[in-house]
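# Report on the structure
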Amino acid sequence: MRVEEFRTGLRAWLDEHDLSPVHDKSLDGDMAQLSRVRRALFDAGWMRWGWPEHAGGLGGPTILRAVLGEEVATRGLAEPGIYSLIEVLAPTLIRYGSPELLAFVPLLLSGEETWCQGFSEPGAGSDLASLTTRAVRDGAEWVIDGQKVWTSLAQYAQRCLLLARTSGPGHRGISAFLVDMDSPGVLVRPIETMHGVDEFAEVFFDGVRVPADRMIGAVGQGWEIAMSILPDERSSCFWHRVAHLYTRLDRLLAAAPAGSERALGEAFLDLHAIRSTSLRTQHRRARGEPLGAETSIDKILIASAEQRLFDTARDLLPGVVEYEESPWREEYLYSRAATIYGGTAEIQRNIVAKRLLSLGDE
Amino acid sequence: MIDAADLTLLSTGFRAAMEEPGDADRLDAALVELGWRELLADSPDEAVALVFPLLGATGAHAPLLNDVLLHALGRPPGGVVALAENGLAFGRPCVPAGGLDPALGLCRVEWRPLGEEAVAAGRRALGFQLVGAGRAMLELAREHALTRTQFGRRLASFQAVRHRLAETLVTLEAAEAALAHATDPTTSTLGKALAGRAGLAAARNCQQVLAGIGFTAEHRFQSFARRVLVLDDLLGSAKALAEDVGGSLLATRRAPRLIEL
Ligand SMILES: Cc1cc2nc3c(=O)[nH]c(=O)nc-3n(C[C@H](O)[C@H](O)[C@H](O)COP(=O)(O)OP(=O)(O)OC[C@H]3O[C@@H](n4cnc5c(N)ncnc54)[C@H](O)[C@@H]3O)c2cc1C
C-alpha cells in the first residue's frame, strides 16, 4: 500500500462513513468516541495498515499510521492525545514482546481495550531511572509493590505498560511488564487536573502478582524498552498533534480581528517549522534510519508551537480564556503541559546540548 | 540532474575557493571557473542548496544572488538585479560600500519588478545563507564554550550556556528543514522567515556565550552577526514576512497544510 493510494482510499471511505463525534465533550465521551472510531477503522482495515502482520496488522510502511492520524485529527474524529497513546505503547510491545504478548496488540488497535503507561513516580519524574517500584521474583510470578503517578487514562485501562526495578540501582536494574489493571492489589485514584479533564491518575501496586511471561523483553531490558518508545512517540504522534494544531489555527483564523496579521503569521511559522522537521523525521524512519537525540528537536518545536498558538488565541480573542465558556480555556490550559509531558523542555535541551552539540557533561 | 558524488566534489571545490583570501570579484570569477553557472543552469535547486550554505558558513561574499534571480527571470547570468524598489543590489564588480556590512558591496541600480518566482528563488538562497552563517556562529560559540574556563569549570558545563546553544541549534534545524521543502513561493517565504529567525537567534545567543571576545572587531563572530542582520532584511525580514503570511491567512481564513507525508 502506497501513501497516496492509502490517503485517497481513506478519505473516500471517511466521506462515506460518518464518524463525527456523537458523545458529549467529557472525558468519558471522548473515550467512548475513541473506541467507536478505532473499532470502525480497524474493521475497515485502515487502523491495521502500517502495523506488522504478526501483530494483527496488514503490514505496509509505518508512515501510513501518520497519514491515518492526520486524517482523524483534521476531521476532529478523536481527541488527538488519547488517540496517539497507542503509538506510545503498541510498537514497544511489538518490538520486544513474546508472541503471546503480541496477541494483545489487536485488542488495543481495535479500540476494545485502553492501555496506560506506568513510568513516572512521585520520586522519579525527569530522573526516570531512579524509579523505585519493585518487582520481586516468586516462582512463576513477579510481585510488584510501589506507586506510579500522572498515569494517563489509568482509570480506563485494562493493561499497563509498567517499569519496575528488578535489581540494583540505575538503568540496568529496570524491567518492563504488561500488567492487567484488574489484578488484585492495583488501586487507581484519578487526579483532578488544572484543565478540568481528569486524564491522569495515581496507581498503587500492593503485592500485585504478575505471571513471569508478562515481562516484556528480558530482565534488565526495561530502560532500553522505555527509550525505544521515543522514535514512535515522536514521529507518528507528533504528526497527529501537529494536524490537530492546524485545525486550532483554522478556528482562530475564523475569529481573529484585523490587525492580527503578524501574530497569526508567527504562530503559523511555528507550525510550519515543526511540520517540516517532523516530515524529515518520518522520512528518516521510513528509510530505516535509527532515530535518536534529533527527535528532541521536534519535541522542543512542537511544545513551543502549541504554547505559542494558544497564547496567540488568548491575545487575539481577549477574555476567551478567562470569561467565556468555550473550548479555548481547556485547550489553553492543556497547552501548558506541552513542555512537561514526554520529557520536559529542559530535559530536551539537555539532550540536544549533550548528544547533538557534544558539549560534554554538565 | 546532478548526482550526489558530483555535488560532493563541487562542494569541496567551492568551499576551498571561498576560504581562499581575496575579494568578492576574485571569488565570483573563481566560482565561474569551477562551474557555478552550469550547475545553476542544470540543477538550480541543488545549486542554491549547495552554494549558499557555504557562502554563509565561510563568511565569504560573491554577488551570486544576482545569478539566482537572473536564472529565475530567464536571463543570462553575470548581471546585477535590484532586490527592492529602492534599487538595492549586490554590486558586480563588488565595490565595498558603507552600511553595516561593507563587504557585501551593496549598491543602487534601476528597479524592475521581480515576479513571484524570482523572489521565491532569492528567498530560498538567502535562507540557506542565513542558516550557514548561523551554523558558523554556533560553531564559534561552541568551541569557545568547550575551551574557556570560569569558576574552575568549562563554560560548556553551565546549563544556561548549554541551553542557549541548544536553542540555537533547534531554530537552525527548523529553518533548514523548512528550506529543504521550499518548492514554491509560499514555502520559500516561510523558509526565509524561519531562516531569518534562526540567524538572529544564533547571533543573539552566540554573542552572549562569546561575551567580551565576541564583541571585538578582531573576532570573526562580529562579521557573521553583521551579515545576518543584512541578509534577514533583504527580500523580507522574518518579521515582515510573518506579517505578510499572516495577511494571506486572514484573507482566506484557513491555514494551508503545505507539505505532505
Ligand atoms: C498531562 C500529563 C500527562 C502525563 N502522562 C504520563 C503518563 O501517561 N505516564 C507517565 O509515566 N508519565 C506521565 N506524565 C508525567 C511526565 O512524564 C512528567 O511530569 C515529566 O517527566 C516531568 O517529571 P516531574 O513532573 O516529576 O518534574 P521534575 O522532574 O520534578 O521536574 C521539575 C522541573 O525541574 C526541571 N528539571 C528536572 N531535572 C532537570 C535537569 N536535569 N536539568 C534541568 N532542569 C531539570 C524540569 O524540566 C521541570 O521544569 C504526564 C505528565 C503530564 C503533565
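Only a predicted model underlies this, so the values are computations on that prediction, with no experimental measurement involved.

Let us look at the UniProt feature "domain: Acyl-CoA oxidase/dehydrogenase middle" (unreviewed entry) in chain A. On the UniProt side, "domain: Acyl-CoA oxidase/dehydrogenase middle" (unreviewed entry) is annotated at positions that read residues 116-208 of chain A here. Taken end to end, residues 116-208 of chain A is 0% helix and 52% strand, and its first and last C-alpha atoms sit 17 Å apart.

What follows deals with the pattern of salt bridges. One pass over the structure, following the stated rule, counts 45 salt bridges over all chains. Salt bridges sharing common partners tie together Arg65(A), Glu87(A), Arg95(A), Asp232(A) and Arg285(A).

Let's shift gears to helix H4 (residues 44-58) of chain B. Note that an α-helix has 3.6 residues per turn; residues three or four places apart therefore point the same way. Residues and elements named next belong to chain B. With 15 residues, H4 extends 21 Å between its outermost C-alpha atoms, agreeing within 8% with the 21 Å of an ideal straight helix rising 1.5 Å per residue. All of the buried residues along H4 are Ala 47, Val 48, Leu 50, Val 51, Phe 52, Leu 54, Leu 55, Gly 56 and Thr 58. Close packing links the buried residues of H4 with helix H1 (4-19), helix H2 (24-33), helix H3 (36-42), helix H5 (65-72), helix H6 (116-147) and helix H9 (221-233). Gly 59 sits one or two positions beyond H4 and adopts a positive phi of about 75°.

The next subject is the layout of surface pockets. To locate leftover empty space, one rolls a probe as large as a water molecule over the atoms. Taken as a whole, the second largest pocket holds about 450 Å³ of empty space. Lining the second largest pocket are 21 residues, and of these Asp270(A), Arg308(A), Thr171(B), Arg197(B) and Ala201(B) sit closest to its centre. Contributions of two or more residues to the lining of the second largest pocket are made by helix H8 (261-286) and helix H9 (295-316) of chain A together with helix H7 (159-180), helix H8 (185-214) and helix H10 (238-252) of chain B. Ranked by the residues each element gives to the lining of the second largest pocket, the list is headed by H8(B), at six residues.

This part takes up the UniProt feature "domain: Acyl-CoA dehydrogenase/oxidase C-terminal" (unreviewed entry) in chain B. Residues given the UniProt feature "domain: Acyl-CoA dehydrogenase/oxidase C-terminal" (unreviewed entry) here are residues 118-242 of chain B. Within the segment residues 118-242 of chain B, helix and strand shares are 80% and 3% respectively, and the terminal C-alpha atoms sit 19 Å apart.

Listed by partner, the interface residues are 54 residues for chain A and 42 residues for chain B. Roughly 4,300 Å² is buried in total at the junction of chain A and chain B, and carbon and sulfur atoms are behind 65% of that figure. Here chain A and chain B share six salt bridges between them. The residue Glu173(B) makes a salt bridge to Arg280(A) at a minimum N-O spacing of 2.7 Å. Where chain A meets chain B, there are 18 residue pairs in polar contact (both at pLDDT 80 or more). Going through the elements one at a time, helix H1 (3-16), helix H3 (63-74), helix H7 (222-255), H8, H9 and helix H11 (345-356) of chain A are the ones with two or more residues in the side of chain A that touches chain B.

Before going further, it helps to spend a moment on the packing of H7(A) against H8(A). Residue and element names in this part refer to chain A. Look at H7 against H8: their axes get within 10 Å of each other, and the N-to-C directions meet at 155°. Between H7 and H8, the interaxial angle falls into the category roughly antiparallel. Between H7 and H8 lies a crossing of left-handed hand. The residue makeup of the contact of H7 with H8, split by class, is 14 nonpolar, six polar and four charged.

The next point concerns the domain arrangement of chain A. Where the parts come together, the accessible area they lose is often given as the size of the interface. Residue and element names in this part refer to chain A. Here chain A is described as being made up of domain 1 (3-84), domain 2 (116-220) and domain 3 (234-356). Look at where the C-alpha atoms of domain 2 and domain 3 centre, and you get two points 29 Å apart. Counting residues at the interface gives five residues for domain 2, matched by five residues for domain 3. Carbon and sulfur atoms supply 71% of the area buried between domain 2 and domain 3, which totals about 480 Å² over both sides. The largest per-residue losses of area from domain 2 upon contact with domain 3 belong to Ser 126, Met 194 and His 195, which jointly make up 79% of the total buried on that side. In this assembly, domain 2 and domain 3 are joined by zero salt bridges. Our enumeration of links across domain 2 and domain 3 arrives at one residue pair in polar contact (both at pLDDT 80 or more). Looking at the side of domain 2 that touches domain 3 residue by residue, the classes come out as two nonpolar, two polar and one charged.

In this section: the state of the cysteines. Enumeration according to the criterion identifies zero disulfides over all chains in this entry. Looking at the unpaired Cys237(A), the closest cysteine sulfur is the one in Cys116(A), lying at 16 Å. Of all cysteine sulfurs, the one in Cys94(B) lies closest to Cys107(B), which takes part in no disulfide; the gap is 8.7 Å.

Here we come to the domain arrangement of chain B. Residue and element names in this part refer to chain B. Here the domain parsing of chain B yields domain 1 (4-108) and domain 2 (116-260). Using C-alpha coordinates to define each centre, domain 1 is positioned 20 Å away from domain 2. Contacts between the two partners involve 25 residues from domain 1 and, on the opposite side, 20 residues from domain 2. Between domain 1 and domain 2 lies a buried interface of about 1,900 Å² when both sides are counted; carbon and sulfur atoms form 70% of it. The interface formed by domain 1 and domain 2 holds two salt bridges in total. Arg 124 serves as the salt-bridge partner of Asp 45, at 3.5 Å between the closest nitrogen and oxygen. If you look at where domain 1 meets domain 2, you find six residue pairs in polar contact (both at pLDDT 80 or more). Counting only elements with at least two residues in the side of domain 1 that touches domain 2, the list comes to H4, H5 and strand S1 (88-90). With nine residues, the top contributor of residues to the side of domain 1 that touches domain 2 is H4. Per-class residue counts for the side of domain 1 that touches domain 2 are 19 nonpolar, four polar and two charged.

Any pair of aromatic rings gets described here by the distance separating the centres and the angle formed by the planes. Residues and elements named next belong to chain A. All chains considered together, the criterion is met by eight aromatic pairs over all chains. With centroids separated by 5.3 Å and ring planes inclined at 55°, the aromatic side chains of Trp 150 and Phe 200 adopt a geometry described as tilted. Highlighted residues: Trp 150 in strand S3 (residues 141-152) and Phe 200 in strand S7 (residues 200-211), separated in sequence by 50 residues. Classification of Trp 150 by relative accessible area gives partly exposed; the value is 49%. Pairing Phe 310 with Trp 328 gives two aromatic rings, centres 5.9 Å apart and planes at 65°, and the pair type is edge-to-face. Of the two residues, Phe 310 is situated in helix H9 and Trp 328 in helix H10 (residues 327-335); the sequence distance between them amounts to 18 residues. With respect to burial, Phe 310 and Trp 328 carry one shared label: buried. The positively charged end of Arg 275 is found above the aromatic ring belonging to Tyr 246, 5.2 Å away from the centroid. Above the plane of the ring of Tyr 332 lies Arg 336, whose end atom (NZ or CZ) is 4.0 Å from the centre.

Conventions and cut-offs
- Residues numbered from 1 in each chain as written.
- Chains lettered and ligands numbered in written order.
- Predicted model: local features only at pLDDT ≥ 70, side-chain atom pairs only at ≥ 80, totals over all residues.
- Heavy atoms only, no water.
- UniProt positions renumbered as here; feature names shortened; annotations may be inferred.
- Helix = DSSP H or I, 4+ residues; strand = E, 2+ residues; numbered from the N terminus.
- Salt bridge = Lys/Arg side-chain N within 4 Å of Asp/Glu carboxyl O.
- Expected span 1.5 Å × (residues − 1).
- Buried < 20%, exposed > 50% of the residue type's maximum accessible area, 1.4 Å probe, protein only.
- Contact = heavy atoms within 4.5 Å.
- 1 Å grid on protein atoms, 1.4 Å probe; cavity = no way out; pocket = protein on both sides within 12 Å on 5 of 7 lines; lining within 4 Å.
- Points joined across faces, edges and corners; volume = space filled by probe spheres on them.
- Buried area = accessible area lost by both parts, 1.4 Å probe.
- Polar contact = N/O pair within 3.5 Å; in protein donor to acceptor, adjacent residues only side chain to side chain.
- Axes fitted to C-alpha atoms, helices over the stretch in contact; angles between N-to-C directions.
- Parallel < 35°, antiparallel > 145°, perpendicular 65-115°, else oblique.
- Left-handed = near helix turned anticlockwise from the far one by under 90°.
- Nonpolar A, V, L, I, M, F, W, Y, C, P; charged D, E, K, R; others polar.
- Domains from an automatic or database assignment.
- Disulfide = S-S within 2.5 Å.
- Phe/Tyr/Trp six-rings, centres within 6.5 Å; stacked < 30°, edge-to-face > 60°.
- Lys NZ or Arg CZ within 6 Å of the ring centre and 35° of its normal.

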